[in-house]
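Descriptive analysis of the structure
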Amino acid sequence: MPKKKFEQVSVLIVGGGPVGLSLAIELGLRGIDCILIEQRGGHPEVPRMSQVSGRNMEFCRRWGIEKKVRGAVWSSTHPLDFVYATSLTGEELARVKIPSYQKRGKLDYSPEGTCACPQIFFDPILAEKANSLPKINIRYKNQLKSFEQDNRKISAQVVDLNSGKSLVINAKYIVGCDGSGGTVREGLNILLDGLGTIATSVNIFFRSSELATLHDKGWARFYRLIDEQKCWAELIAIDGKELWRLTVFNDQTPDKTGRSYLQKMAGQDFSYEVIDVSPWERRDYLAQSFHSNRAFIAGDAAQQCSPTGGLGMHTGVCEAVNLAWKIEATLQGWGGTKLLDTYEEECQPIANRSVELSTDSFNAIAALPGDKDFRKAIKSGKDITRGLAVPDELRTQLCFDNSQICIRDEDHTKKWDNALANTEIQLARPGARAPHVWINEGKSILDLFGTHFTLLCIGKPEKDGETMELAATRYRVPFKVLAINNPNITVLYKKNFVLVRPDGHIAWQGNHPPQAPEKIIKQVVGA
Ligand SMILES: Cc1cc2nc3c(=O)[nH]c(=O)nc-3n(C[C@H](O)[C@H](O)[C@H](O)COP(=O)(O)OP(=O)(O)OC[C@H]3O[C@@H](n4cnc5c(N)ncnc54)[C@H](O)[C@@H]3O)c2cc1C
């Protein structure tokens, strides 16, 4: 009998979508060896995600690919407006103006802000970065069939779809970034909670060089189309040139040619080439658990959101970044025994919030009236286009409120809430993403954090951080001390000492060097 072929790796990532690729980059930058398997032959040819959130762009900045992403496709001079119209050549009912990258200039809340870079352009940039990392091995046309785990390892059955040959991959950890179908989630028997399918939508992906000049509305990012009854569809400019996607919000009996929708959207005939028509289920789902022993799930495998909030990939990539440093810490022995459990503890509530916000924004769009009442409402001064999108500032405001590894102080006994996050654009408190501040031309405080723990001594000398650094060294926790003097940081961060985690969230803060630094170091690494 021929011997069964097997390989060994630290982390097996299942799925080469944006979440799996982001996890590969984060782990690869930390020197962790990974195999990423993807059943497709290459990148997706039909875009789903069209907008990278500001927080995801901050990660791209850390990975050194932000300029590529921003320059990939969308012109820096095209405005990013939301237009509400009866059809593209019909009456414009309302417009939410959002300036072009060039006009909006520097933002207060993020060094990056959102970026129009649909998945067909974004995924290849991520894959190129992941492929450039020596410890990352990406294998297309490889499919996970099943896996088993014990207390020491994962044993995964993988099939090479080109040759049909099977392979066993033994790994310390497996992460299912395998989308809504979730082979890993299913293997773990993790159930989904939520409202389930909230609409049957249809995407029509098409090419038309004529469409941009067919009408008088100019370039915008979204054109929302209002008929006699409701807002029935949304047109997105995919490349800001000739690629477009029309999403019909709800149609139980989809026109699979897409033609009737395109005619209605344009309000007249025009020339186009349909590339793809896909009916799909708009869902509201949250996995009951995000891990079991050595197996984890992330991205659409863990939650499924209506795309109306722009939160799907956003949430998944934040999960990948949260998980990566915890896996590194555990593999290298400086992470405590509870550290990996905090992945679910921190990310599941955030995912829950993403699913809720997404369904809310879909319901708000679905509740828009037909054109007559829309006109009336606008005429009477009612701003009916408010609250239809999730502001990027709110997306960026991530806070792990109940985390046992973020040490809350006396100022933060109040539970984090979205209303609070809405009024104060950036909040420095344990659990929250450390706020952005410009420190000089083009440089953000976020650029100083690196991939491990950073103790900021704000308006204080570096030597005040020494006791904590010593404690970190004793526990082999990668750690740096950074003395910084900047009035804007003092105002926003409020405390003199702020400990920032490897994923850019605040772990601890105080006005004095801690009396018992070991205790803090042990707690923030889950010991
Ligand atoms: C119309 C639409 C618009 C959207 N717009 C936005 C937006 O603007 N912003 C945003 O943040 N999000 C948006 N989203 C959501 C976003 O597209 C998803 O959240 C994101 O793609 C999820 O990434 P993922 O890597 O988790 O999963 P996926 O992108 O689904 O990738 C999973 C991968 O796993 C592979 N796979 C599955 N099973 C196996 C197996 N057994 N073995 C090997 N490989 C396997 C699949 O082939 C797939 O490539 C949108 C979604 C839709 C539908």
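Throughout, a residue's number is its position along its own chain's written sequence, starting from 1. Totals for whole chains, interfaces and linings use all residues, but because this is a predicted model, local features are given only for residues with pLDDT of at least 70 and pairs of side-chain atoms are given and counted only at 80 or more. In computing side-chain values, all of the structure's heavy atoms are included and hydrogens and water are not.

1. Quick word on the overall build of the protein
Put simply, the rule is: Helical segments are the DSSP runs of H or I of at least four residues, strand segments are the runs of E of at least two, and each set is numbered from the N terminus. Radius of gyration means the value over C-alpha atoms here, while the globule rule gives 2.2 Å times the residue count to the 0.38 power. Exposure was quantified through the Shrake-Rupley algorithm and a 1.4 Å probe, taking into account, for residues, occlusion by the shown protein chains and nothing else. Note that His is not counted, nor are the chain ends; the positive residues are Lys and Arg, and the negative ones are Asp and Glu. Charged groups are reduced to one reference atom each: NZ for lysine, CZ for arginine, CG for aspartic acid, CD for glutamic acid.
In terms of helices and strands, the protein carries 15 helices and 24 strands. A compact globule built from 527 residues should have a C-alpha radius of gyration of about 24 Å, and the protein, at 24 Å, falls within 12% of that. With the C-alpha coordinates aligned to their principal axes, the bounding extent of the protein is approximately 70 × 70 × 40 Å. As presented, the protein carries roughly 21,800 Å² of accessible surface, and 49% of it is formed by carbon and sulfur atoms. One finds the centroid of the 66 positive side-chain charges in the protein at a distance of 3 Å from the centroid of its 62 negative side-chain charges.

2. Side note on the site of the ligand
Put simply, the test is: In these notes, residues near a molecule or strand are those with any non-hydrogen atom within 4 Å of it. For this analysis, a polar contact is any N or O atom pair within 3.5 Å, provided that within protein one partner can donate a hydrogen and the other can accept it, and provided that sequence-adjacent residues contribute only side-chain to side-chain pairs.
Close to the ligand lie 31 residues; E38, R40, R48, T183 and D300 are nearest. Separating an oxygen atom of the ligand from a side-chain N or O atom of R48 is a distance of 2.6 Å. One of the backbone nitrogen or oxygen atoms of M49 is found 3.4 Å away from an oxygen atom of the ligand. Out of a free accessible area of 1,000 Å², the ligand has 91% covered by protein chains.

3. Details of the sheet that holds strand β13 (residues 231-237)
To keep it simple, the criterion reads: A pair of strands is labelled paired if DSSP reports no fewer than 2 bridges between them. Note on contacts: a residue pair qualifies if any of its non-hydrogen atoms lie within 4.5 Å across the two residues. Think of each axis as a best-fit line through the C-alpha atoms, taken over the contacting stretch in the case of a helix, with angles from 0 to 180 degrees between the N-to-C directions.
On the basis of which strands lie adjacent, the open sheet formed by eight strands has the order β5-β4-β12-β13-β14-β11-β15-β18 and mixed pairing. This sheet does not close on itself; its edge strands, each paired only once, are β5 (92-96) and β18 (303-304). Contacts between helix α9 (residues 341-366) and the sheet are confined to β11 (192-207), β12 (222-226), β13, β15 (273-287) and β18, with β15 contributing the most and set at about 125° to the helix.

4. Here we look at the sheet that holds strand β22 (residues 479-484)
Read across the sheet, four strands follow the order β22-β21-β23-β24 without closing on themselves; strand pairing throughout is mixed. Each end of this open sheet is capped by a strand with a single partner; those strands are β22 and β24 (506-510). Put simply, the sheet's adjacent strands are angled 15° from each other on average, direction ignored. For strand β21 (residues 453-458) and β22, the ladder comprises six bridges, and the chain directions are parallel.

5. A closer look at the pairing of β21
Test applied: When accessible area is computed with a 1.4 Å probe and restricted to protein chains, residues below 20% of their type maximum are described as buried, those above 50% as exposed, and intermediate ones as partly exposed. Orienting the strands away from the viewer, one traces the path from the first strand over the helix to the second; a clockwise path indicates a right-handed crossover.
Most of β21 sits inside the fold, with six of its six residues counted as buried. On β21, burial covers both faces: F453, L455 and C457 on one face and T454, L456 and I458 on the other are all buried. For the handedness criterion, the β-α-β arrangement of β21, helix α13 (residues 466-474) and β22 is classed as right-handed.

6. Observations regarding the environment of S10
Within the secondary structure, S10 sits in strand β1 (residues 6-14). With relative accessibility at 12%, the residue S10 sits in the buried group. The residues touching S10, leaving out its near neighbours within four places in the chain, are I32, D33, A171, K172, Y173 and L331.

7. Thoughts on the pairing of strand β8 (residues 142-149)
When β8 meets strand β9 (residues 154-160), the two strands line up antiparallel, connected through seven bridges. Each residue of the ladder has a partner; that of Q143, found in β9, is V159. Connecting β8 to the antiparallel partner β9 that follows it, the hairpin turn spans four residues.

8. Brief notes about unusual backbone geometry
A positive phi is found at N293, a non-glycine position, where the angle reads about 55°. Structurally, N293 is set in the loop between β16 (291-292) and β17 (295-297). The residue K494 is not glycine, and still its phi comes out positive at about 65°. Within the secondary structure, K494 is located in the loop between α14 (487-493) and β23 (497-500).

9. Thoughts on the nonpolar core
The line we're drawing: The nonpolar core is taken to be a set of buried Ala, Val, Leu, Ile, Met, Phe, Trp, Tyr and Cys residues, with the residues joined through side-chain atoms within 4.5 Å.
Formed by 103 residues in total, the largest nonpolar core has its most connected members in V69, F206, L246 and M265. No other element matches helix α8 (residues 312-332), which puts eight residues into this core.

10. Focus: the packing of aromatic side chains
Note the cut-off: Put simply, two rings from Phe, Tyr or Trp (the six-membered ring, in Trp's case) pair if the centres are within 6.5 Å, and we call them stacked under 30 degrees between planes, edge-to-face over 60, tilted for the rest. In this scheme, the term charge over a ring applies when either NZ of a lysine or CZ of an arginine sits within 6 Å of the ring centre and within 35 degrees of the ring normal.
Applying the stated criterion across every chain yields a total of 15 aromatic pairs. An aromatic cluster is built from Y173, F290, F296 and Y343, whose rings are joined through pairwise contacts. Lying across the ring of W232, K264 places its NZ or CZ 4.3 Å from the centre.

11. Things to note about the pattern of salt bridges
Quick reminder of the rule: Salt bridges are defined as contacts in which a side-chain nitrogen from Lys or Arg sits within 4 Å of a carboxyl oxygen from Asp or Glu.
This model, assessed by the stated rule, comprises 33 salt bridges. One salt bridge in this structure joins R207 and E242, with 2.9 Å as the shortest N-O distance. Remark: E242 occurs in the loop between β13 and β14 (243-248) and R207 occurs in strand β11; sequence separation between them is 35 residues. For D216, the salt bridge is made with K217, and the minimal N-O distance between the two is 2.9 Å. Put simply, E26, R30, R62 and E328 are held in one network by salt bridges that share partners.

12. A short note on helix α10 (residues 371-379)
Helical periodicity: at 3.6 residues per turn, an α-helix aligns residues three or four positions apart in one direction. To keep things clear, this is the line we draw: Taken from the helix axis, the directions to the C-beta atoms give the arc we talk about.
Taken as a whole, α10 has its buried residues at D371, F374 and A377. Viewed along the axis of α10, the buried residues span an arc of 125°, placing them on a single side of the element. Residues of α10 that are exposed and point more than 90 degrees away from the buried face comprise K372, K376 and K379. For α10, the elements touching its buried residues are β4 (82-85), β5 and β12.

13. Notes on α13
Among the residues of α13, M468, A471 and A472 are the ones counted as buried. The buried residues of α13 occupy one face: seen down the axis, they fall within an arc of 100°. More than 90 degrees from the buried face of α13, the exposed residues found are L470 and T473. Residues of α13 that are buried make contact with β21, β22, β23, β24 and α15 (517-524).

14. Some thoughts on the side chain of T359
Checked against the element boundaries, T359 lands in helix α9. T359 gets classed as buried once you look at its relative accessible area, which sits at 4%. Once you skip the residues sitting within four places of it in the chain, T359 turns out to touch L195, I198 and D284.

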